[in-house]
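Architecture at a glance
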Amino acid sequence: MPRMAGIVACVFLSFVALIDAQAQTAFLEYMQGRMGVLEERISQWHDHSSRYSSELRDFKNQVLKLLENIEKEREGLRNEMENTNVRVDRLEREVDYIETQNPAPPCVEVDEKLTELHYVKKKKKNEKYEKLIGCPTTEVPGTVETDEMLDPSTVRKSYCSDTISQVNAMKILKRFGSTAGLWTKDPIGTSEKVYVFDGAGNDTVYIFNRMKEFTLSPSTRKASKIKLPFPWIGTGHVVYGGNLYYIRQDDEFQLIKFNLANKTVVDSSVLPIEEQVPVYGLSKFNYIDIVADEEGLWAIYATRENEKNICLAKLDSNSLGIEQMWDTPCPIENAESAFVVCGSLYVVYNTKLPSRSRIQCVFDVSGTITSENVPVVYFPKRYGSHSSMKYNPKEKQIYAWDDGYQILYKLTMKPKEELY
Ligand SMILES: *[C@@H]1O[C@H](CO)[C@@H](O)[C@H](O)[C@H]1NC(C)=O
Ligand SMILES: *[C@@H]1O[C@H](CO)[C@@H](O)[C@H](O)[C@H]1NC(C)=O
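Residues numbered from 1 in each chain as written. Chains lettered and ligands numbered in written order. Predicted model: local features only at pLDDT ≥ 70, side-chain atom pairs only at ≥ 80, totals over all residues. Heavy atoms only, no water.

Under the annotation held in an unreviewed UniProt entry, the chain carries the name Olfactomedin like 3 and is attributed to Leptobrachium leishanense. Turning to the chain, the UniProt record has this under Sequence similarities (unreviewed entry): "Belongs to the OLFML3 family." According to UniProt, the comment filed for the chain under the heading Subcellular location (unreviewed entry) is "Secreted". (UniProt positions renumbered as here; feature names shortened; annotations may be inferred.)

In structure tokens, the structure reads:
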């Protein structure tokens, strides 16, 4: 019996061993199969990743090439733009040149001019022109013509006789505030204060003690503020002799004279102008522009009656009364701003899509110069459109507000006589 059992056990064991061996083989085969699959996958991944990296490399190269091309194109465009600018400059210079090369007006015309001048100025000066021009100043015998030409009510004696010959330099000082505004200094006295009016309608004036405080400080913290009793309208204000002259819109437009030292309204008046319309076609917020020149204060305005052209009035800075009024030949359309220098109104024109501003119309209250004999003066390239251009007669420069940039234009002057 035990032998029998021994045999059974032996058979069983070998059976187990057989099964064991078979299972091991199967397991090994299985593992090998799996590993084969894994290896295959790994090699696939490897393939993929190397393909990806080569694709990435290609892509990078393409992008680099594109960037290079773009850079080249940009360079080309920049060159073209520079060329265009040079050409525009040259054209402008040529136009100016052609204008200066216009044949001298015939003597008859000069005589008219001279009689005109004779009326306004001393005879001595006349002799000077005679020499300058080289034409004899034949006296016009009949006075009828002269009288007609020189209605004494329209001719005003000029105290200074300079005209703008060109814009000499431009200086961008700061970017501050909204697109429209005004900044200025008092041309009377020695104050260095800078007055800043942000916006075409507000009531708070910022005052900086000197230019550097305005240009160097990042905010208005350094500024003192004055709150006006009434808000202003437009950008046609002026600081003159310690007073601020500004426009207020109530039922009508009022001119307010406000003393900046004791902060009180000294006087106010409604100018005897009816049915006012915006005075500059491109800056519609201005109905009256008060400006200062060597001779005092002026009002530039427009009325429905004379809808197409700008009007000019001489203001009395003490009484706020109007001394004299003129209809000028300067159109409102496309006018951007204007100022008065030595008794001549200079109107600055631009296009709706801002390009270069230029003085294209001049009206001289003394009748010495007209748009025909004043060459067009261009302003340097800028950002947008001027919402104000304030001439400072003491410094002979213009305080301009250009789309929120505060800019100074320095002017070169020459005597009006040199235009003949
Ligand atoms: C003036 O301008 C300030 C700042 O832009 C604004 O907060 C204020 O309301 C304005 N005031 C008037 C009267 O328009
Ligand atoms: C403020 O100053 C002006 C000019 O000096 C003067 O005419 C006016 O009377 C003064 N007003 C007050 C309230 O002191």
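Continuing now.
Next up on the list: the state of the cysteines. In total, this model carries two disulfides according to the counting rule given. Here Cys 160 engages in a disulfide with Cys 342; their sulfurs sit 2.1 Å apart. Its S-S torsion of about -135° marks the bond between Cys 160 and Cys 342 as left-handed, since a negative value means left-handed. In this pair, Cys 160 sits in the loop between α4 (144-149) and β1 (162-175) while Cys 342 sits in the loop between β14 (335-341) and β15 (344-349), placing the two residues 182 residues apart along the sequence. Grouping residues by exposure puts Cys 160 and Cys 342 together as buried. (Disulfide = S-S within 2.5 Å. Helix = DSSP H or I, 4+ residues; strand = E, 2+ residues; numbered from the N terminus. Buried < 20%, exposed > 50% of the residue type's maximum accessible area, 1.4 Å probe, protein only.)

This next bit is on the site of ligand 1. Taken together, Gly 201, Asn 202 and Asp 203 are the residues near ligand 1. For ligand 1, whose unbound accessible area comes to 360 Å², protein coverage reaches 31%. (Near = heavy atom within 4 Å. Areas by Shrake-Rupley, 256 points an atom, 1.4 Å probe, with all protein chains shown as cover.)

Below, the discussion takes up the sheet that holds strand β6 (residues 238-240). Strand pairing in a sheet relies on backbone hydrogen bonds, with the paired strands running either antiparallel or parallel. On the basis of which strands lie adjacent, the open sheet formed by four strands has the order β6-β7-β8-β9 and antiparallel pairing. One side of each edge strand has no neighbouring strand; the edge strands of this open sheet are β6 and β9 (264-269). Averaged over all pairs of adjacent strands, the angle between strand axes in this sheet comes to 30°, irrespective of strand direction. Where strand β8 (residues 253-259) and β9 come together, five bridges link them in antiparallel fashion. Bridge pairing in β9 links Lys 257 to Asp 267. (Pairing = 2+ DSSP bridges. Axes fitted to C-alpha atoms, helices over the stretch in contact; angles between N-to-C directions.)

Let us now look at the packing of aromatic side chains. One pass over the full model with this rule turns up ten aromatic pairs. Seen in terms of ring centroids, Trp 298 and Trp 326 are 5.9 Å apart; in terms of plane orientation they differ by 40°. Their pairing is tilted. With Trp 298 in strand β11 (residues 296-301) and Trp 326 in strand β13 (residues 322-331), this residue pair connects regions lying 28 residues apart in the sequence. When its relative accessible area of 5% is taken as the criterion, Trp 326 is described as buried. An aromatic cluster of at least three residues, connected via ring pairs, comprises Phe 176, Trp 183, Tyr 206, Phe 208, Phe 214 and Tyr 399. Positioned over the ring face of Phe 214 is Lys 174, at 5.6 Å from the centre of the ring. The ring of Trp 298 has Lys 314 sitting right over it, with the charged end atom 5.3 Å from the ring centre. (Phe/Tyr/Trp six-rings, centres within 6.5 Å; stacked < 30°, edge-to-face > 60°. Lys NZ or Arg CZ within 6 Å of the ring centre and 35° of its normal.)

It is worth spelling out the nonpolar core at this point. For soluble globular proteins, the rule of thumb is that nonpolar side chains tend to be buried together. Judged by nonpolar contacts, the single largest core of 24 residues is most densely connected at Ile 164, Phe 339, Ile 359, Phe 379 and Ile 398. It is strand β20 (residues 405-415) that contributes the most residues to this core, five residues altogether. Among all residues touching Phe 379, those that are not within four sequence positions of it are Val 167, Phe 339, Val 348, Arg 356, Ser 357, Arg 358, Ile 359, Met 389, Ile 398 and Tyr 409. Among the nonpolar cores identified, the runner-up in size contains 21 residues, and Tyr 280, Leu 312, Leu 345 and Val 347 belong to it. (Core = buried A, V, L, I, M, F, W, Y, C linked by side-chain atoms within 4.5 Å. Contact = heavy atoms within 4.5 Å.)

So, about unusual backbone geometry. Here Glu 275, not a glycine, exhibits a phi torsion of approximately 45°, which is positive. Relative to the helices and strands, Glu 275 is located in the loop between β9 and β10 (288-293). Judged by its relative accessible area of 56%, Glu 275 is exposed. Positive phi values are uncommon outside glycine, yet Asp 403 reaches one of about 55°. As for its placement among the helices and strands, Asp 403 is situated in the loop between β19 (397-402) and β20. Here Asp 403 falls in the partly exposed class, since its relative accessible area comes to 28%.

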